[in-house]
Amino acid sequence: MQHFWVTKKTVQRKLGSKEDEHIISSDSELDAKIEIFKSINETTSELSRIIDLYQERLCVLSQEECVFGRFLKEAGKRSKTTALSITNTGKSVTYCGQQRMCVRVPLLRLQHEVNIYRNRAITDTQSTISAMERERTEYRAALEWMKSSSSELDPDTGRGVDKFRTAQSHVRGAKQIFDTLSMDSIQK
């Protein structure tokens, strides 16, 4: 019977049907943390992409400065009136290009740290959130099952009491697992 309610709840969530406001509001802190996680995931992905583009453009700029510096040095050798100033400018531009490449090592280290963070922390948190979402569906399905069985409950005759108790035990178990995973998700 539990599988029926889980499947029904999964289909309802996929189709976007409206859920009970009280149940949704009880998960508001968890949903806020999940939104923060999604923002962090997108931001780290964007940061990694930006660092990669920055390194690429830094290398191109450095190469162009070195080429331009060599050109100025060669032009300084050919010029008789401004040879010294053109040659010194060429040396300065070449030196700037070489110094610009020194920034690349810390950038590589930063990109490595961002990638490690994304691979470890983000992946671990994503797996915890996925498990929590499955348990949230289980818990909400169990709540619907209990609600349905309580409407069929007749306390005077005792009809439906076993069905209600079974649903109630599933709710307790699902709630305990869901609370544990939601706390893990919030902490991560």
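These numbers come from a predicted model, not from an experiment.

> Help me understand the overall build of the chain in this model?
Of regular secondary structure, the chain possesses 6 helices and 0 strands. Shown N-terminal to C-terminal, the secondary structure of the chain runs as helices and strands in the order α-α-α-α-α-α. Counting the 188 residues in the chain, one finds 30% classified as buried. Partitioning the contacts of the chain with sequence separation of at least 6, the portion at a separation of at least 24 is 78%. With an accessible surface of roughly 12600 Å², the chain has 56% of that area assigned to carbon and sulfur atoms.

> It is not clear to me how the packing of aromatic side chains should be interpreted in this structure. Could you clarify?
Two descriptors summarise a pair of aromatic rings, namely the distance from one centre to the other and the angle between the planes of the rings. Applying the stated criterion across every chain yields a total of 1 aromatic pair. A centroid spacing of 5.6 Å and a plane angle of 10° characterise the contact between Tyr139 and Phe178, whose relative ring orientation is stacked. In this pair, Tyr139 sits in helix H5 (residues 104-151) while Phe178 sits in helix H6 (residues 161-187), placing the two residues 39 residues apart along the sequence.

> Please explain the packing of helix H3 (residues 28-78) against H5 as it appears in this structure.
Packed helix pairs are specified by the crossing angle of their axes together with the interaxial distance, meaning the distance between the axes. Packing of H3 against H5 brings their axes to within 10 Å, and their N-to-C directions diverge by 155°. The orientation of H3 relative to H5 falls into the category roughly antiparallel. Seen from above, H3 lies across H5 with left-handed handedness. For the contact of H3 with H5, the residue count by class is 17 nonpolar, 9 polar and 6 charged.

> Mind showing me how you'd approach the packing of H3 against H6 here?
Following both chains from N to C, one finds H3 and H6 inclined at 40°, their axes separated by 9 Å at the closest point. One element, H3, and the other, H6, form an angle in the oblique class. The two elements H3 and H6 cross, and the hand of that crossing is left-handed. Residues Glu29, Leu30 and Lys33 of H3 lie in contact with H6, whose contacting residues are Phe178, Ser182, Ser185 and Ile186.

> How do you make sense of the pattern of salt bridges when you look at a structure like this?
Oppositely charged side chains can pair when the atoms bearing their charge come close. Per the counting criterion, the structure on display carries 7 salt bridges. Salt-bridge contacts for Asp31 lead to Arg136; the nearest nitrogen and oxygen are separated by 2.9 Å. One end of the pair, Asp31, is in helix H3; the other, Arg136, is in helix H5, with 105 residues separating them in the sequence. The partner of Glu46 in a salt bridge is Arg49, and the shortest N-O contact between them spans 2.5 Å. In this pair, Glu46 and Arg49 both sit in helix H3, 3 residues apart, roughly one turn of the helix. Residue Glu46 is classed as partly exposed on the basis of its relative accessible area, which comes to 35%. Looking at Arg49, the relative accessible area reads 43%, which means it is partly exposed. The structure contains a network of salt bridges with shared partners spanning Asp31, Glu133 and Arg136.

Reading guide: rules and limits
Residues numbered from 1 in each chain as written. Predicted model: local features only at pLDDT ≥ 70, side-chain atom pairs only at ≥ 80, totals over all residues. Heavy atoms only, no water. Helix = DSSP H or I, 4+ residues; strand = E, 2+ residues; numbered from the N terminus. Buried < 20%, exposed > 50% of the residue type's maximum accessible area, 1.4 Å probe, protein only. Contact = heavy atoms within 4.5 Å. Areas by Shrake-Rupley, 256 points an atom, 1.4 Å probe, with all protein chains shown as cover. Phe/Tyr/Trp six-rings, centres within 6.5 Å; stacked < 30°, edge-to-face > 60°. Axes fitted to C-alpha atoms, helices over the stretch in contact; angles between N-to-C directions. Parallel < 35°, antiparallel > 145°, perpendicular 65-115°, else oblique. Left-handed = near helix turned anticlockwise from the far one by under 90°. Nonpolar A, V, L, I, M, F, W, Y, C, P; charged D, E, K, R; others polar. Salt bridge = Lys/Arg side-chain N within 4 Å of Asp/Glu carboxyl O.

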